[in-house]
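The residues making up each chain are set out below.
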Amino acid sequence: MDEKLLKPYDPKATEDRIYKLWEESGFFNPDNLPNTDKEPFTIIMPPVNANGSLHAGHGLVMTIEDIMVRYKRMRGFKTLWLPGLDHAGFETQVVYEKKLEKEGRTRFGMDSKELYKEILDFTLTNSKNIKSQIKKMGASCDWSREKFTLDDDVIKTVYDTFKKMYEDGLIYRGNRIVSWCSKHQTSFSDLEIKDEEQVESLYYLKYGPFVIATSRPETKFGDKYVVMHPEDKRYLEYKDGQKINLEWINGPIEATVIKDTAIDMEFGTGVMTITPWHDNADFEIAERHSLPKEQVIDENGNLLPIAGEFAGQRIKKARPLIIEKLQTKGLVEKIDENYKHVVRTCYKCGTVIEPQIKTQWFVKMKPLAEKALEKINNGEIKYIPEHYKKITTYWLENIMDWNISRQIVWGIPIPAWFHEPKCVPKPGREKDMEKCREIIVGDKEPVCEFCDAKYTRDPDTFDTWFSSGQWPYVTLRYPDGKDFKIYYPTDILETGGDLVFFWIARMIMLGFYVTGKAPFKTVYMHGTVLDAKGLKMSKSKGNVIDPLVLTEKYGTDAFRIGMVVGNTPGTSLALSEDKIRGYKNFANKIWNATRFVLDNTKDLNYSGLTAGTVNYDEEDKKSEEELKALIKEITKEMDEYKFYIVAEKLYHYLWHTFADIIIERSKKKIAENKNADSAKALLYSQLTTLLKALHPFIPFVTEEIWSMIPEVKEKKLLMIEKWPL
RNA sequence: GCGCGGUUAGCUCAGUUGGUUAGAGCGCCUCUCUUACAAAGAGGAGGCCGGGGGUUCGAGACCCUCACCGCGCACCA
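Anyway, here's the lowdown on the structure attached to this text.

Criteria and cut-off values
Residues numbered from 1 in each chain as written. Chains lettered and ligands numbered in written order. Predicted model: local features only at pLDDT ≥ 70, side-chain atom pairs only at ≥ 80, totals over all residues. Heavy atoms only, no water. Helix = DSSP H or I, 4+ residues; strand = E, 2+ residues; numbered from the N terminus. Contact = heavy atoms within 4.5 Å. Polar contact = N/O pair within 3.5 Å; in protein donor to acceptor, adjacent residues only side chain to side chain. Phe/Tyr/Trp six-rings, centres within 6.5 Å; stacked < 30°, edge-to-face > 60°. Buried < 20%, exposed > 50% of the residue type's maximum accessible area, 1.4 Å probe, protein only. Lys NZ or Arg CZ within 6 Å of the ring centre and 35° of its normal. 1 Å grid on protein atoms, 1.4 Å probe; cavity = no way out; pocket = protein on both sides within 12 Å on 5 of 7 lines; lining within 4 Å. Points joined across faces, edges and corners; volume = space filled by probe spheres on them. Nonpolar A, V, L, I, M, F, W, Y, C, P; charged D, E, K, R; others polar. Pairing = 2+ DSSP bridges. Near = heavy atom within 4 Å. Salt bridge = Lys/Arg side-chain N within 4 Å of Asp/Glu carboxyl O. Axes fitted to C-alpha atoms, helices over the stretch in contact; angles between N-to-C directions.

1. Details of the environment of Lys-259
At step 1: Tracing the backbone shows Lys-259 in strand β12 (residues 251–259).
At step 2: In sequence terms Lys-259 and Leu-120 are 139 residues apart; their C-alpha atoms lie 53 Å from each other.
At step 3: Beyond its immediate sequence surroundings of up to four residues, Lys-259 is in contact with Met-228, His-229, Pro-230, Tyr-235, Leu-236, Tyr-238, Lys-239, Asp-240 and His-289.
At step 4: A polar side-chain atom of Lys-259 sits 2.9 Å from the main-chain carbonyl oxygen of Tyr-238.

2. Structural notes on the environment of Leu-170
At step 1: With respect to the element layout, Leu-170 can be found in the loop between α5 (152–167) and β6 (171–181).
At step 2: Spatially, the C-alpha atom of Leu-170 lies 38 Å from that of Pro-217, the residues being 47 residues apart in sequence.
At step 3: Apart from the residues lying within four places of it in its own chain, the contact partners of Leu-170 are Met-165, Phe-362, Val-363, Lys-364, Pro-367, Leu-368 and Tyr-513.

3. Thoughts on the packing of aromatic side chains
At step 1: Under the defined criterion, the tally for this structure stands at 36 aromatic pairs.
At step 2: Between the aromatic rings of Tyr-9 and Trp-591, the centroid separation amounts to 4.9 Å while the plane-to-plane angle is 45°, which identifies the pairing as tilted. Linking Tyr-9 in the segment before α1 (11–25) with Trp-591 in helix α16 (residues 577–600), this pair joins segments that are 582 residues apart in sequence. When sorted by exposure, Tyr-9 lands in the same class as Trp-591, which is buried.
At step 3: Ring centres 6.1 Å apart and planes at 70° place the aromatic pair Phe-267 and Tyr-339 in the edge-to-face group. Here Phe-267 is found in the loop between β12 and β13 (271–273), whereas its partner Tyr-339 is found in strand β14 (residues 332–346), with 72 residues between them in sequence.
At step 4: Connected via pairs of aromatic rings, a cluster forms that spans Phe-162, Tyr-166, Trp-361, Trp-402, Phe-418, Phe-462 and Phe-466.
At step 5: Lying across the ring of Trp-22, Arg-70 places its NZ or CZ 4.0 Å from the centre.
At step 6: Over the ring of Trp-180 we find Lys-358, and its NZ or CZ is 4.5 Å from the ring centre.

4. Thoughts on the layout of surface pockets
At step 1: Its volume calculated, the second largest pocket comes out at about 1300 Å³.
At step 2: The set of elements that each furnish at least two residues to the lining of the second largest pocket consists of β8 (193–207), β9 (210–214), β13, α6 (280–288), α7 (315–328), β14 and β15 (354–363).
At step 3: Residues that form the lining of the second largest pocket fall into these classes: 16 nonpolar, 15 polar and 15 charged.

5. Some words on empty space enclosed by the protein
At step 1: By the definition in use, this model includes two cavities of 30 Å³ or more.
At step 2: Estimated volume of the largest cavity: approximately 50 Å³.
At step 3: At the level of elements, α15 (556–564) and α19 (643–671) are the ones that each hand at least two residues to the lining of the largest cavity.
At step 4: When the residues that make up the lining of the largest cavity are grouped by side-chain class, the tally is seven nonpolar, one polar and no charged.

6. Side note on the sheet that holds strand β7 (residues 186–188)
Note on sheets: strands pair through backbone hydrogen bonds, and any given pair is parallel or antiparallel.
At step 1: The sheet built from four strands is open, its strands ordered β7-β6-β15-β17 with antiparallel pairing. Of all strands in the sheet, those bounded by a partner on one side alone are β7 and β17 (402–403).
At step 2: With three bridges connecting them, β6 and β7 associate as antiparallel partners. From the neighbouring strand, Trp-180 faces β7, where its bridge partner is Ser-187.

7. A word on the protein's contact with RNA strand B
At step 1: Around RNA strand B sit 47 residues in total, of which Asp-264, Phe-267, Tyr-339, Thr-568 and Trp-655 are the nearest.
At step 2: Of all atoms in RNA strand B that approach within 4 Å of the protein, 64% are sugar or phosphate atoms.
At step 3: Contacts to RNA strand B include Ala-213, whose backbone N or O atom sits 3.5 Å from a sugar or linking oxygen.
At step 4: Put simply, the parts of the chain that give the surface near RNA strand B at least two residues each are β9, α6, β14, α9 (387–397), α16 and α19.
At step 5: Top contributing element to the surface near RNA strand B by residue count: α19, with twelve residues.
At step 6: Considering only residue class, the surface near RNA strand B consists of 22 nonpolar, 14 polar and eleven charged.

8. A look at the pattern of salt bridges
At step 1: With the rule as written, the count across this model stands at 60 salt bridges.
At step 2: In this structure, the salt-bridge partner of Lys-131 is Glu-146, at a minimum N-O distance of 3.1 Å. Of this pair, Lys-131 sits in helix α4 (residues 112–136) while Glu-146 is found in the loop between α4 and β5 (147–148), placing the two residues 15 residues apart along the sequence.
At step 3: The class for Lys-131 is partly exposed, based on a relative accessible area of 24%.

9. Focus on the sheet that holds β9
At step 1: Taken together, three strands build an open sheet; the order of strands is β9-β8-β14 and the sheet is antiparallel. Looking at the sheet topology across the chains shown, the edges are occupied by β9 and β14. Neighbour to neighbour, the strand axes of the sheet diverge by 20° on average, direction disregarded.
At step 2: In this structure, β8 lies alongside β9, joined through five bridges in antiparallel fashion. Each residue of the ladder has a partner; that of Tyr-204, found in β9, is Ala-213.

Shown next as structure tokens:
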């Protein structure tokens, strides 16, 4: 018997060695698996942000996906789990900006190429770290197919998609209102905005004969349109288009009455003025009535010259001063200081979002969403848990166009060129001038055939989700790659519920658009990992649990099974150290049980066992049947992704049936030499069966034990043993 | 405001299409170092299944309603 068995199980001395064994076997790569003519099973790993360390959520991802993959591999599928790392555009840039801040530097004013290179170095250094951490979790993914979101072939496919969408009219360059963060100096899509409830003041201001209510007096300098509902009886005497002269913040102005049904008659006084440059709703009204739009606040959040004496001031500081001035002019009717409303903020820094009109790239989402809706509704893509389907379809039904330009350097540059200034044709070419294209999509610098002007490249980068949204077919090398033909559509997309719109819905839309097929058949959502008290982990609260600390302390197997037991899909999980500790004992329990079994089965007749000619006594026979029934049951549950229940059942069977009953019973039989052969055969048979069934959950300790079991047949790695059905 | 979850043992959670005395892990209590394992064994306590109403022979599960917790969405200035 292996001497290691005489001491308690030592994960530290085992895990790295076992992982290396797996890696060197080549079986992470499906091309090397036996019976490769089998049906494929594919999971694309959500690319891990290369800007930090593995957190508890990653620990859950790696555990669940590895369980899925190991199970399918043992069931004989041609199993591919394709790992990836994410440059994570804005996220990483924010992390790097904080680093710069600490060093007393700032990205503004830095040469963009220089900054890009710095962040790239930072990311590549981190990548190595992250990869070793993924390995630490036991992830049996195919490193030979690893992808990084900035790989050349990734960028090429993303460019092809962008071009195709542009040519299909699904991408347009629009001068529209976008959500702007004045700290990060970039625009966002709607998803990067976090709504926050705040209590502020609602100011009732006298605007000629009207009283308007506003929470943002600092935007009101240029307001020359006063809007009310056409059916509001209080204001019937005012006609659409009517001019009114009135005294405003910085002097007399001429205002125009506009009637629009967007006005809520219940709110405030039922009258408002509009600031189309800095408010979504106002923008819409201005568009409907073809009204001019004027910028009041610059990109840094300072007031522009239109604000007169307040020009150059930050809006926050200017607000009370403006109110003071209005008060002295007698233009303040009243102030409601307890006005509770929702403020849109930057999800990263909490800065209040300042809508701005900017020329950006937008994706026309309606057609894409309609296709996705059809496919999701007809069941082509299944959601686990199912209620995420409702959440998704609701979002898709109300989808807005997607701003995909970001004013940051860390990302994939947008392949577009602008003819600026406008074309001045060479002599003799004037009549062709209208053929000159102001915007050219492509990676190569274009030349204008009518004039000598050079095109300038769009300085912006893509929203990182525009490229991640193409991940399944990009990683499998659409359109001509061998892998694409074999492994696409993939089987399962496993990720956290927070990515349901950001990533999943977009992958579905882009997947159907580009490949005509679903990118995956099933979406499996795990819940958020919370701390032991059920609170969200955050650095500021100081309750962040590092999965690597737990694996170090209790072993990866204990961590993995602790993450899975009782953790139903979609439900958040309170991660407690006690639970993990409990499963450390479990790993050791198997270890010790193995010692007993091997100690007592030295003289076992293996050939009888493999041939199935063992004569079990009545109770042992019953036990064999019981385990068979259990395996059948859990196999069904594995296929239904009920890992939380399978893990618990196996735990329970091993501890309270195999150890407590079968082992105890066998002691007597062996000691008294009564039905000893039956008992020995049963011990051996049950242990090996349980090792196989437990392997997807606790791969390290089971593989280690497997290597110690003498067997007549030539032995392979447990990871490619046949599932014991 | 609309939508989606949740509320079961001290804690974290299971409980499949409604069907006997409601389960697990951890924690707690008592005893035991019995030759696989004290990281253990044997035994035990602990639950009007959030409140109220209804459907049913029968409800933790189904329907209505209320309360509380969590999350998401929204252009009410």
